[in-house]
There are 2 protein chains.
Amino acid sequence: MTMSTALLTDHYELTMLQAALRSGAAHRRAVFEVFARHLPGGRRYGVVAGTGRVLDELERFRFGDEELTFLREHRVVDEATLAFLADYRFAGNICGYQEGDLYFPASPILVVEGTFAEAVLLETLILSILNHDCAIASAASRMTNAAGERPLIEMGSRRTHEDAAVAAARAAYIAGFASTSNLMAGHRYGIPTAGTAAHAFTLLHDSERAAFEAQIASFGAATTLLVDTYDVAEAVRTAVELAGPALGAVRIDSGDLAAAAQEVRRQLDALGATGTRILVTSDLDEYAIAALAAAPVDGYGVGTSLVTGSGVPTAALVYKLVARETASGELEAVAKRSVGKPSRGGRKEAYRLLDDSGHVETELITTGGLVPEGGVPLLHDLVRDGKVIGRESLAEARERHRSAVATLPLEALHLGRGYAAIPTEFA
Amino acid sequence: MTMSTALLTDHYELTMLQAALRSGAAHRRAVFEVFARHLPGGRRYGVVAGTGRVLDELERFRFGDEELTFLREHRVVDEATLAFLADYRFAGNICGYQEGDLYFPASPILVVEGTFAEAVLLETLILSILNHDCAIASAASRMTNAAGERPLIEMGSRRTHEDAAVAAARAAYIAGFASTSNLMAGHRYGIPTAGTAAHAFTLLHDSERAAFEAQIASFGAATTLLVDTYDVAEAVRTAVELAGPALGAVRIDSGDLAAAAQEVRRQLDALGATGTRILVTSDLDEYAIAALAAAPVDGYGVGTSLVTGSGVPTAALVYKLVARETASGELEAVAKRSVGKPSRGGRKEAYRLLDDSGHVETELITTGGLVPEGGVPLLHDLVRDGKVIGRESLAEARERHRSAVATLPLEALHLGRGYAAIPTEFA
């Protein structure tokens, strides 16, 4: 099995390459832009995530013997194209919005410049990464807003493709989740991991008491005990009896979580376990989290709704040719005219305009080098002449996201469906 | 970077292992079962997919130096547990429904038997694979039903995580899709790949005519030309002028597809291109495909809705301990009593009962060795004593799916929301 990312690509990228190599147009300079025509699901803002993964996978986008043999044997492209692919290294420039930043309709979140040949090949991989990761981060941000200061654990790995799970944990962490259940995300990205026990652990033992004893013997009283396998009140009583008031936390994974949390809090306090935290899980999404704001809950575990983007599993980002070199060597804006799919041609810059209080007012997209006074430039160099120069840590992206959300008007945090929080304007 | 799948696992599987090793319960025999409590989205049936991927990834589920070092450095588990993991090989048995087969609520689509220690570790990976692949295959099956004899191309790679895309193409193929745009799916699984050109290819050239000429020069008249970059009627005229009546196909990717297809068919026929096929793409799902049944369409390309499960991106499958060895050495049925999350304990067998005309009537789940007369056994051996014995080709799974759908009552193919097509009964 290969570690090359080159075949994570749609067949037609290669057939376009072949035809363009033959017509000569393949070597024309081209600008492709990643943007969303709208924010699906009535969301108020999008969250950029995945850019760092794009940079990682770009460096592994190589057609080696294994890939070339497949393409030859299946007659995907001709020998001239295979020769081009064998030498392929992206040698152009990429700039983009930084991870954790916000985006709005038409925000050019990634701009890829190179020859048509080198830039068109990256379409599928770039869109796969950004459509997935931005969708997850955008949902995650709503959840962290709803949770306020309470920590969120990402635990949706089992509800999505095994590798998507790792990327989802990363996107959630950028958008403010505290930790993940996914060990690979801990290994690959250094995200804190968390977890203690499932119902199976209790069922395995001859009694709930025996299971709790085993867990406490191994992990100490500070562990989190799962209390809803049989009867919650009895489990809480047993838990505090065995662990003492130093019991770290209890987890409730079923039923009316608000009512159960109230009940368990009263019981814990009555038993003297006033410092024992209450964690809740069970099909939580941003709405359920918000509904628990007044309940005595100390942390949330979110699974399905996080990894499926809470109703919006893909971000509707497209990768469009916006400019290309003409036969006479000039860079010319281009855009298709397909019904109902608006595109704006031209190489763009993007700025965010803030009001005096520091709140965002406008997403301004410019062409032709216009620089608005006081506008915060949103495009940053990521790849220069094929060399990755825009790497940063997840901690930076996470901090950027926290700061960016603080610039949103308050109504942008409303969970209901609506329009983008600020207008996108073109100058 | 590792190719081991061992860290595609939730943290708590390992902490449960540690505590159970310490209590001694880790070595008890255990039976875990994968099933869905319901079919989300009001679906009438589910489609099994991903089992073959489970077998592949099971063989790579090994804790090597890299994985153990991570677990040690991050103090996920203690040294005794690390020593257990270093030697870990699943040595138990797995049986399951075969790929392409149908499933209904409570169908035990995978049954994992071993010690608790060896079986609990596989929970996350098995659920990730099956929840994703079954969701995609279940959506894909509705689309192939809606398309009838017309071929479907899977082209959703750009709308989902880059590795999920490969699995999605595989699941769609099992459920009857004819081909995929994803080259890795062609390489890894031998699925036919397809694709010709995007709008960018037309925009790259100085005119649509120049683009069409380039494509025909490279791929011949039998290629598929994309005709909606500017004006469809003009593009069709140019296409037939350049390729002649032997033009393979035209693709329409925007607008009212039914009306556009009618128009283009008339135009093609008038131009003598009566054999030129019409392919349509653009946010198609099973409903849109069904609505195009009367339109002169020769094939469909499906992207977003396929890879996102058409509203149901995850299959709601769970992995539950249903039996475990007691202290006295007997295998005992177990089930949690959590509110609103029904589970049935006990090691099960499953049979499908058909009526005289060969249509399915009942999904019968039995315990205790009861074998119903004439029932078709649904569980097949996949892994025996840790050795994979249940591999089969995608062609077999695809054929099984075709046959299985033919046994469904007609109303099960209705696209509206409803209940499972047949009842699940327990004996």
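Residues numbered from 1 in each chain as written. Chains lettered and ligands numbered in written order. Predicted model: local features only at pLDDT ≥ 70, side-chain atom pairs only at ≥ 80, totals over all residues. Heavy atoms only, no water.

Student: Help me out: how do you make sense of the packing of helix α3 (residues 65-73) of chain A against helix α4 (residues 79-86) of chain A in this one?
Tutor: Helix packing for two helices is described by the angle between their axes and how far apart those axes are. Residue and element names in this part refer to chain A. Viewed as axis vectors pointing N to C, α3 and α4 meet at an angle of 165°, and their least axial separation amounts to 11 Å. Considered as vectors, α3 and α4 are oriented roughly antiparallel to each other. For the element pair α3 and α4, the recorded crossing hand is right-handed. In this structure, α3 uses L68, L71 and R72 to contact α4, whose residues at the interface are E79, L82, L85 and A86. By residue class, the composition of the contact of α3 with α4 is five nonpolar, no polar and two charged. (Axes fitted to C-alpha atoms, helices over the stretch in contact; angles between N-to-C directions. Helix = DSSP H or I, 4+ residues; strand = E, 2+ residues; numbered from the N terminus. Parallel < 35°, antiparallel > 145°, perpendicular 65-115°, else oblique. Left-handed = near helix turned anticlockwise from the far one by under 90°. Contact = heavy atoms within 4.5 Å. Nonpolar A, V, L, I, M, F, W, Y, C, P; charged D, E, K, R; others polar.)

Student: I tried to follow the domain arrangement of chain A on my own but got confused; where do I start?
Tutor: Its domain assignment divides chain A into domain 1 (11-136 + 312-426) and domain 2 (196-295). One C-alpha centre belongs to domain 1 of chain A, the other to domain 2 of chain A, and the line joining them spans 45 Å. (Domains from an automatic or database assignment.)

Student: Would you explain the sheet that holds strand β6 (residues 152-154) of chain A in this entry?
Tutor: The strands that make up a sheet pair up through hydrogen bonds in the backbone, lying either parallel or antiparallel. Residue and element names in this part refer to chain A. Judged by pairing direction, the sheet is parallel, and its six strands sit side by side in the order β7-β6-β11-β10-β9-β8 without closing on themselves. Of all strands in the sheet, those with a lone pairing partner are β7 (179-180) and β8 (224-226), marking the two edges. Two strands pair when backbone bridges link them, and β6 and strand β11 (residues 299-302) are joined in this way by three bridges, in the parallel orientation. Bridge pairing links E154 to V302 in β11. (Pairing = 2+ DSSP bridges.)

Student: Would you mind showing me how to read the interface of chain B and chain A here?
Tutor: Accessible area lost when the parts come together is the quantity often used to give the size of an interface. With 98 residues of chain B at the interface, the matching set in chain A holds 98 residues. Between chain B and chain A, roughly 8,500 Å² of surface is buried when both sides are summed, and carbon and sulfur atoms account for 60% of that area. On the chain B side of the interface with chain A, the three residues burying the most area are R158(B), L183(B) and L204(B), jointly 10% of the side's total. Here chain B and chain A share 12 salt bridges between them. Across the pair R158(A) and E123(B) runs a salt bridge, and its minimum N-O distance is 2.9 Å. Between chain B and chain A we count 53 residue pairs in polar contact (both at pLDDT 80 or more) in total. Here the side of chain B that touches chain A is built from residues that sort into 42 nonpolar, 34 polar and 22 charged. (Buried area = accessible area lost by both parts, 1.4 Å probe. Salt bridge = Lys/Arg side-chain N within 4 Å of Asp/Glu carboxyl O. Polar contact = N/O pair within 3.5 Å; in protein donor to acceptor, adjacent residues only side chain to side chain.)

Student: Is there a simple way to explain the side chain of T407(A) in this structure?
Tutor: Residue and element names in this part refer to chain A. Relative to the assigned elements, T407 resides in the loop between α15 (394-406) and β19 (424-426). Looking at T407, its side chain comes within polar contact range of the main-chain oxygen of A404, at 2.6 Å. Beyond its immediate chain neighbours, meaning those up to four positions away, T407 contacts G358, H359 and V360.

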